[in-house]
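# Structure assessment
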Amino acid sequence: TPSSSSSPRPMPTTAASTPRAPGTGAPAGLLDPTAWTGGATGCSLPDPTGGRCVTGATRHGFDEVSAAFDGWQDGPAIRSAGCWDRHAWNPRSDHPQGRACDLFATRPGRFAGGAELAEGWRVARWVRGHAEPLQVKYVIWQGRYWDPRVADQDGWGRRYSGAGVYDVRDATGGHYDHVHISFRE
């Protein structure tokens, strides 16, 4: 396991990448999500991971990802998850508004490697490939930040800075143990 001072892990090479579903950039062989059409709800629905609440788009996106990857508890791709959280150290976070979920590919605090790293990339690519119907605002994984409005730099997304709040050398702060998904609503 790399130490917390390890440099960001590179994305797997194209030759080792998962085949893509035509026209989406998402991994092939997975369920396509239904689009969120419910409009703005605010943080009013129960958080399926046990937090206070999530928005309708967040709950829909979480349920769709969970269905595509065989659940979110001890699954082959998603080991655990968390959505709503106070995030007192970062008041600008989408978590306290119920607009974000963290999908852990490995145990929290541990750098993903091997099959866990590959599965995390499958989740991140699937979410990216279905960003529009899922109302995805941005995704963070493996020290990379992807936003549909920003061009890729050096591969997938651009280097994640931590916005001065998170230690990007840390497994959790740099998002090396979980795929973070923020939703537009």
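Look a little higher up for the structure.
Calculation rules
Residues numbered from 1 in each chain as written. Predicted model: local features only at pLDDT ≥ 70, side-chain atom pairs only at ≥ 80, totals over all residues. Heavy atoms only, no water. Buried < 20%, exposed > 50% of the residue type's maximum accessible area, 1.4 Å probe, protein only. Helix = DSSP H or I, 4+ residues; strand = E, 2+ residues; numbered from the N terminus. Pairing = 2+ DSSP bridges. 1 Å grid on protein atoms, 1.4 Å probe; cavity = no way out; pocket = protein on both sides within 12 Å on 5 of 7 lines; lining within 4 Å. Points joined across faces, edges and corners; volume = space filled by probe spheres on them. Contact = heavy atoms within 4.5 Å. Axes fitted to C-alpha atoms, helices over the stretch in contact; angles between N-to-C directions. Salt bridge = Lys/Arg side-chain N within 4 Å of Asp/Glu carboxyl O.

### Considering the pairing of strand 6 (residues 178–183)
- Burial within strand 6 is extensive, with six of its six residues counted as buried.
- Burial along strand 6 is two-sided: the face carrying His178, His180 and Ser182 and the face carrying Val179, Ile181 and Phe183 are both buried.
- With five bridges connecting them, strand 2 (residues 100–104) and strand 6 associate as antiparallel partners. Residue pairing in the sheet places Ala100 in a bridge with Ser182 of strand 6.
- As defined by bridge partners, strand 3 (residues 136–141) adjoins strand 6 across four bridges and the pair is classed as antiparallel.

### Quick word on the layout of surface pockets
- In this structure, the largest pocket spans a volume of roughly 600 Å³.
- Lining the largest pocket are 33 residues, with Asn90, Tyr138, Ile140, Tyr160 and Tyr166 sitting closest to its centre.
- Mapped by element, the contributors of at least two residues to the lining of the largest pocket are strand 1 (80–82), strand 2, strand 3, strand 5 (158–159) and strand 6.
- Top contributing element to the lining of the largest pocket by residue count: strand 3, with three residues.

### Notes on the sheet that holds strand 5
- The six strands lie next to each other as 1-2-6-3-4-5, forming an open sheet whose pairing is antiparallel. Strands at the two margins of the open sheet, each flanked by one partner only, are strand 1 and strand 5.
- In this structure, strand 4 (residues 144–146) lies alongside strand 5, joined through two bridges in antiparallel fashion. Bridge pairing in strand 5 links Arg144 to Arg159.
- In the packing of helix 2 (residues 114–129) onto the sheet, contacts are made with strand 2, strand 3, strand 4 and strand 6, and the angle to strand 3 comes to roughly 165 degrees.

### Comments concerning the pattern of salt bridges
- Tallying each qualifying case throughout the model produces ten salt bridges.
- Residues Asp63 and Arg59 are paired through a salt bridge, measuring 3.2 Å at the closest nitrogen-oxygen approach. Placement of both Asp63 and Arg59 in helix 1 (residues 56–68) is noted, with a separation of four residues, approximately one turn of the helix.
- Residue classification places Asp63 among the partly exposed residues on the basis of a relative accessible area of 34%.
- Under the relative-accessibility criterion, Arg59 is labelled partly exposed at 27%.
- In this structure, the salt-bridge partner of Asp94 is Lys137, at a minimum N-O distance of 3.4 Å. Placement of Asp94 in the loop between strand 1 and strand 2 and of Lys137 in strand 3 is noted, with a sequence separation of 43 residues between them.
- Under the relative-accessibility criterion, Lys137 is labelled partly exposed at 27%.
- Residues joined by salt bridges that share partners form a network here, namely Arg79, Arg110 and Glu116.

By themselves, these figures tell us nothing about what the structure is for.
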